[in-house]
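# Breakdown of the fold
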Amino acid sequence: LVKDKNYDIIFMDHMMPEINGIEATKVLRSRLGWTRTVPIIALTANAVTGMKEMYIECGMDDYISKPIEIPELNRILLKWLPKEKISMRERDEGRDISNPVLRRLASVLDVKKALQNIGGSEQAYLGIINAFMTSAPEKLERMSSFIDRDDFGNFKVDIHSCRSSLANIGAFEMSDDAHFLESAAAGHNYVLMKNGFSEFSSHLEALFTFIRGIVSDGISENGEDGSRAKGRVEVLRNMLEDVRVMIDNLEHDSAMENMDKITLESYGSDLDRRLFQVRAAIDSFNYDRAADMIKSILNTEDR
């Protein structure tokens, strides 16, 4: 991405597979040009003594703890963004949840607290839910295989990510359970980790079933239950082909705009669910997964 666009600020996750945030920062700082001086902010769930100093030493400028809360994010943005890029507005807090999907999710998830953490945007929260449902089931399967292979290093990375994702959607108790498993892995207490993961995975499967049941009821992202116009499959096919080209060219905004247009109409509950998963994958910059899902949809509709 930095080959194609200059950024005012980069938020760098610490624990990532293949290359972690510290290694990625060192690569950016070694390049010629703007990446040597752009503010890089660490994202970490490990807000312990000494961590900030470690991030600064490796070339980062600041850090923010996960799950990210809006006041802290605002502080970072005010500190590091160019002043001409900043505008201020009042935030509407404490209002009732208007979206029917969110009201149903609130019977299990702490939706109000999750909304507070992202500035109150119900649409943004629904995007986070869709991203969670796209990535978390695959991650759960991967973590199970890591335990079977005694690959505890990769298990720790994925459970750390799962911990943050659960907090973002308001599943705070399960996030705490994931933290416990992460600590067990870090402490090489493999018996405790394996036994704890069995119960954790069953709870996570139940959460997937609950969320999937609400999403598959045909409720749109805008909360318009059954009110969307019926879409034409031939038009959908052409638009998805366009989206596939856009993500091949890393045209993120154009791809998201097209997916927003696509999801304004309904193509049946199963296909609607898959389209929202495509949108969530693109929104999370998971272009390979989005392309694979588009290919699967097109092949299914061709038959």
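Located above this text is the structure these notes cover.
In short, a report on the structure.

Attention shifts here to the pattern of salt bridges. Considering all chains together, one arrives at 13 salt bridges under this definition. Put simply, arginine 163 and glutamate 182 hold a salt bridge, and the shortest N to O gap is 3.0 Å. Remark: glutamate 182 occurs in helix α8 (residues 172-186) and arginine 163 occurs in helix α7 (residues 152-169); sequence separation between them is 19 residues. By relative accessible area, which is 10% here, arginine 163 ends up buried. The class of glutamate 182 is buried, set by a relative accessible area of 4%. A salt bridge links glutamate 234 to arginine 232; the nearest nitrogen and oxygen atoms lie 3.2 Å apart. Looking at glutamate 234, the relative accessible area reads 40%, which means it is partly exposed.

Turning our attention to the pairing of strand β1 (residues 10-13). Side-chain alternation along β1 places Ile10 and Met12 on a buried face and Phe11 and Asp13 on a face that remains uncovered. Between β1 and its parallel partner strand β2 (residues 40-44), the chain crosses via helix α1 (residues 21-30), and the hand of that crossover is right-handed.

There is a patch of like negative charges on the surface, built from Glu173, Asp176, Asp177 and Glu199. In terms of residues, the negative patch owes the most to one element, α8, which gives three residues. With respect to the helices and strands, the residue aspartate 177 is situated in helix α8. A relative accessible area of 35% places aspartate 177 in the partly exposed class.

Further remarks concern helix α10 (residues 233-248). With 16 residues, α10 should reach 22 Å at 1.5 Å per residue; the first-to-last C-alpha distance of 22 Å fits that figure. Listing the buried residues of α10 in full gives Leu236, Met239, Leu240, Val243, Met246 and Ile247. Along the long axis of α10, the arc covered by the buried residues comes to 115°, so they all point the same way. Along α10, the residues that are exposed and aim more than 90 degrees away from the buried face are Asn238 and Asp248. Looking one or two residues beyond α10, the residue adopting positive phi is leucine 250, at roughly 60°.

Rules behind the numbers
Residues numbered from 1 in each chain as written. Predicted model: local features only at pLDDT ≥ 70, side-chain atom pairs only at ≥ 80, totals over all residues. Heavy atoms only, no water. Salt bridge = Lys/Arg side-chain N within 4 Å of Asp/Glu carboxyl O. Helix = DSSP H or I, 4+ residues; strand = E, 2+ residues; numbered from the N terminus. Buried < 20%, exposed > 50% of the residue type's maximum accessible area, 1.4 Å probe, protein only. Right-handed = clockwise from strand over helix to strand, strands pointing away. Patch = residues over 30% accessible without salt bridge, like charges linked within 9 Å, V, L, I, M, F, W, Y side chains within 5 Å. Areas by Shrake-Rupley, 256 points an atom, 1.4 Å probe, with all protein chains shown as cover. Lys, Arg positive; Asp, Glu negative; His and termini not counted. Charge placed at Lys NZ, Arg CZ, Asp CG, Glu CD. Expected span 1.5 Å × (residues − 1). Arc of directions from axis to C-beta.

Any functional reading would require information beyond the geometric quantities listed.
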